[in-house]
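A look at the structure
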Amino acid sequence: MPAIPAHRAPGASPVHPGWLRIQHWLNALAVGVMAASGWRIYNASPLFDFSFPAGVTLGGWLGGALQWHFAGMWLLAGNGVLYLAANLATGRLRRKFFPLSLRGLAADLGAALRGRLSHADPRRYNQLQRLAYLFAMADIALLVASGLVLWKSVQFELLRELMGGYEGARLVHFYAMALLAAFVAVHVLMVAVVPRSLAAMIRGR
């Protein structure tokens, strides 16, 4: 009989463990809440010569948006700490995201541009995925750090100075959120290209 692929073998471990799937969807919720409420906060004091349509914002007014934003912040920060701790404790961080090399990235990028990047084994991240997920982790940490400066500027004086003052922290927060939104957009696009990855994140297989 032909061999059954590892990711379809009966009794095989799930592509994503239950704790990871729960944290993934909690992160998605937190990012959605923070983005929509953050756009409303931005509209109250724009950095640039544009504003976000009211229909895509959350909170209705500045005070309400701030409450939603803080709720999303605590969920994102707490879930992020648990995610990192679980990945370190189980060794998943090392197994899934490393090694990472310039040669491997160049090879996978070339394959992706030619439409030949393999997605046969959903348990194994290619080099581009590893870099993207590590970037998302670092970007979320920067979002939380810059958000703390905007929330408690006096208490986090060192962070504020590292970011070039309060207005500098606003710019860091804005660009970090824009980069996270870009990551989410690419992530959703890749789900459309490889639909079974969504099923794996819902059912584990």
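Everything numeric here is computed off the predicted structure, so don't read it as measured data.

Counting 21 residues, the largest nonpolar core has Leu-76, Phe-97, Met-177 and Leu-180 as its most contacted members. Going through the elements one at a time, α1 (18-44), α2 (62-90), α3 (92-97), α5 (127-151) and α7 (165-193) are the ones with two or more residues in this core. By residue number, the principal contributor to this core is α5, which donates six residues. Excluding its chain neighbours within four sequence positions, the residues that come into contact with Leu-180 are Val-31, Asp-139, Ile-140 and Leu-143.

Per the UniProt entry, the sites bearing "transmembrane region" (unreviewed entry) are residues 25-42, 66-86, 131-151 and 171-195 in this numbering. Taken as a whole, residues 25-42 contains 100% helix and 0% strand, while its terminal C-alpha atoms sit 25 Å from one another. Between the C-alpha atoms that bound residues 171-195 the distance is 35 Å, and the span itself is 92% helix and 0% strand.

Moving on to a nonpolar patch on the surface. Together, Phe-48, Phe-50, Leu-171 and Tyr-175 make up a nonpolar patch on the protein surface, roughly 350 Å² of accessible area in all. Locating Tyr-175 in the fold gives a position in helix α7. Among the residues examined, Tyr-175 registers a relative accessible area of 45% and is labelled partly exposed.

A word on unusual backbone geometry. A cis amide bond, omega 5°, links Phe-98 with the succeeding residue Pro-99. Mapped onto the fold, Pro-99 is located in the loop between α3 and α4 (102-113).

Glancing now at the packing of α2 against α5. Between α2 and α5, whose axes approach to 11 Å, the crossing angle comes to 140°. In terms of their interaxial angle, α2 and α5 are classed as oblique. Note on packing geometry: the crossing formed by α2 with α5 is left-handed. Here α2 contributes Phe-70, Met-73, Trp-74, Leu-76, Ala-77 and Tyr-83 to the contact with α5, which in turn contributes Met-137, Ile-140, Val-144 and Trp-151. Its residues assigned to classes, the contact of α2 with α5 shows 10 nonpolar, no polar and no charged.

Below, the discussion takes up the packing of aromatic side chains. Under the counting rule described, the total for this entry stands at 16 aromatic pairs. Taken together, a centroid distance of 5.5 Å and an interplanar angle of 80° make the contact between Phe-50 and Phe-52 edge-to-face. For the ring pair Phe-70 and Trp-151, a centre distance of 5.4 Å and an interplane angle of 45° mean the geometry is tilted. Of this pair, Phe-70 sits in helix α2 while Trp-151 is found in helix α5, placing the two residues 81 residues apart along the sequence. Residue class for Phe-70 comes out partly exposed when judged on its relative accessible area of 27%. Residue Trp-151 is classed as partly exposed on the basis of its relative accessible area, which comes to 34%. Grouping aromatic residues by their ring pairs yields a cluster made of Trp-39, Tyr-42, Phe-48, Phe-50, Phe-52, Phe-174 and Tyr-175. Between Lys-96 and the ring centre of Tyr-125, over which it is positioned, the NZ or CZ distance is 5.1 Å.

Each value, and the rule that gives it
- Residues numbered from 1 in each chain as written.
- Predicted model: local features only at pLDDT ≥ 70, side-chain atom pairs only at ≥ 80, totals over all residues.
- Heavy atoms only, no water.
- Core = buried A, V, L, I, M, F, W, Y, C linked by side-chain atoms within 4.5 Å.
- Buried < 20%, exposed > 50% of the residue type's maximum accessible area, 1.4 Å probe, protein only.
- Helix = DSSP H or I, 4+ residues; strand = E, 2+ residues; numbered from the N terminus.
- Contact = heavy atoms within 4.5 Å.
- UniProt positions renumbered as here; feature names shortened; annotations may be inferred.
- Patch = residues over 30% accessible without salt bridge, like charges linked within 9 Å, V, L, I, M, F, W, Y side chains within 5 Å.
- Areas by Shrake-Rupley, 256 points an atom, 1.4 Å probe, with all protein chains shown as cover.
- Salt bridge = Lys/Arg side-chain N within 4 Å of Asp/Glu carboxyl O.
- Axes fitted to C-alpha atoms, helices over the stretch in contact; angles between N-to-C directions.
- Parallel < 35°, antiparallel > 145°, perpendicular 65-115°, else oblique.
- Left-handed = near helix turned anticlockwise from the far one by under 90°.
- Nonpolar A, V, L, I, M, F, W, Y, C, P; charged D, E, K, R; others polar.
- Phe/Tyr/Trp six-rings, centres within 6.5 Å; stacked < 30°, edge-to-face > 60°.
- Lys NZ or Arg CZ within 6 Å of the ring centre and 35° of its normal.

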